[in-house]
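Listed below, chain by chain, are the residues.
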Amino acid sequence: MIKKTRGAILSDMQERLRYSTDITNINPGSVARTFLDVLTEEFYEYYGELELTVAMGFVSTAAGTYLDMIGKLLDCERIEDENDTDYRARITNQVYVVAGANLTSIRVRALAADGVRDVRFKEYSHGAGSFSCFVLAENVQDQTGVTNRVRNIINEAKGYGVYADVRSPIMIPVGLMMKLVFKTGVGQAERDTIRHNAIAAIGTYINGTDIGEPVIVNEIVQVIMDSNDKILDFDIYKMTVDSKDRYISNIEAKWNEKFILGEVEIT
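Figured I'd write up the structure that's included with this text. The model shown is predicted, which means the values in this text are computed figures rather than measured ones. (Residues numbered from 1 in each chain as written. Predicted model: local features only at pLDDT ≥ 70, side-chain atom pairs only at ≥ 80, totals over all residues. Heavy atoms only, no water.)

1. Digging into unusual backbone geometry
Selection criterion: Secondary structure elements are defined from DSSP: runs of H or I of at least 4 residues count as helices, runs of E of at least 2 residues count as strands, and each element is numbered from the N terminus. For each residue, the accessible area found with a 1.4 Å probe, counting protein chains only, is set against the maximum for its type, and the residue is called buried under 20%, exposed over 50%, and partly exposed in between.
Of note in the backbone geometry, Tyr124 takes a positive phi value of approximately 55 degrees without being a glycine. Mapped onto the elements, Tyr124 comes out in the loop between strand S1 (116–123) and strand S2 (130–137). The class for Tyr124 is exposed, based on a relative accessible area of 53%. Of note, the phi angle at Ser243 is positive, near 65 degrees, even though the residue is not glycine. Looking at the secondary structure, you find Ser243 in the loop between strand S5 (231–241) and strand S6 (244–246). The exposed category is assigned to Ser243, whose relative accessible area is 65%.

Laid out in structure tokens, this is it:
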């Protein structure tokens, strides 16, 4: 808020009064109304400042710079390019982080590591005083590096005497062999491009599955057909899971397993 001295307030009101006074109308009612208008104008802007100050003083309503200042009070700095909604959620959970090595504290710290998509916890995985944390990376190729970063963070945050087992989920490759049927008029060079895009679309789907999430054949069908409108039809004639042949059907994952793209061949 802009702070004014008594002299500054008096000066501003005299200035407003000078330009608000109608010298042709000096009856008591008109004069009183003129004073009220001047007072209202002076203090109206302060009510607006007060309303803004109250709103920006709470995490649920603060935004921008005001939210940054609240975060700094809790030693929770805004991450580069982080929006207000995500930052507000982190500030709300910061009280648990400060409190110590509880589940919320460890989860928030782990999720803040670079490249982490999600983390899953299992309590008492190695007996009393232990837990396991399964790390899912944004990029499958960086899984080992991301897991190591999270392991270092959790070992610093966990309580004394607690055993933390931080690992990647069991990665299970899913392989496919299929044949595409193209619409008429599609040349060889374009067919190669379409095959490449279809493999990329399958990889985006399978690599994007969560820990414990199944691979659904109908989803594979959908992503292939959506990859290019010049695909007329296709046939999946072989599916492998962890390099073993299996029937072409939905694949279920255990709670600690994650499907990734294996070898894909499209003719």
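2. Concerning the side chain of Asn256
Which entries qualify depends on this criterion: A contact between two residues is defined here by any heavy atoms of the two lying within 4.5 Å.
Considering the arrangement of structural elements, one finds Asn256 in the loop between S6 and strand S7 (257–266). Taking the relative accessible area as the measure of exposure, Asn256 reaches 16% and is therefore buried. In this structure Asn256 touches Phe134, Pro169, Ile170 and Ile211, once residues within four positions along its chain are discounted.

3. Re the environment of Met225
Within the secondary structure, Met225 is located in helix H8 (residues 217–227). Separated by 24 residues in the primary sequence, Met225 and Ala201 place their C-alpha atoms 9.7 Å from one another. Among residues more than four places away in sequence, those in contact with Met225 are Ile231, Leu232 and Phe234.

4. Re the pairing of S5
The cut-off we apply is this: In this scheme, strands are said to pair when DSSP sees at least two bridges between them.
Note that strand S4 (residues 170–182) and S5 share nine bridges and pair antiparallel. Along S5, the bridge assignment pairs Val181 with Asp233. The pairing of S5 with S6 spans three bridges and is antiparallel. Within S6, the position partnered with Val241 by the bridge is Lys244. Here S5 folds back onto S6, and the loop between the two strands holds two residues, one of which, Asp242, carries a positive phi near 55 degrees.

5. Description of the pattern of salt bridges
Here is the rule: Note on definitions: salt bridges are taken to be side-chain nitrogens of Lys or Arg within 4 Å of carboxyl oxygens of Asp or Glu.
Summed over all chains, the structure comprises 11 salt bridges. In this structure, Arg107 engages Asp118 in a salt bridge whose closest nitrogen and oxygen atoms are separated by 3.2 Å. Residue Arg107 is found in helix H5 (residues 103–111), and its partner Asp118 is found in strand S1; the two are separated by 11 residues along the sequence. Taking relative accessible area as the criterion, Asp118 reaches 16% and is therefore assigned buried. Salt-bridge contacts for Arg195 lead to Asp192; the nearest nitrogen and oxygen are separated by 2.9 Å. You can see Arg195 and its partner Asp192 sitting in helix H7 (residues 188–207), three residues apart, about one turn around the helix. Residue classification places Arg195 among the buried residues on the basis of a relative accessible area of 16%. Judged by its relative accessible area of 41%, Asp192 falls in the partly exposed class. Linked by salt bridges that have partners in common, Arg107, Asp118, Arg120 and Asp210 make up one network.

6. Structural notes on the nonpolar core
In a soluble, globular protein the nonpolar side chains are often hidden away together inside. Applied cut-off: Put simply, buried Ala, Val, Leu, Ile, Met, Phe, Trp, Tyr and Cys residues joined by side-chain atoms within 4.5 Å make one nonpolar core.
Of all hydrophobic cores here, the largest spans 26 residues; its most connected members are Leu176, Met178, Leu180, Ile224 and Phe259. For this core, the elements supplying multiple residues, two or more each, are S4, H7, H8, S5 and S7. Examining the composition of this core, we find that six residues originate from one element, S4, more than from any other. Those residues in contact with Leu176, other than ones at most four positions away along the chain, are Ile202, Ile220, Ile236, Lys238, Met239, Glu263, Val264 and Glu265. Within the second largest apolar cluster, 15 residues are counted, among which are Ile106, Val116, Val119 and Val166.

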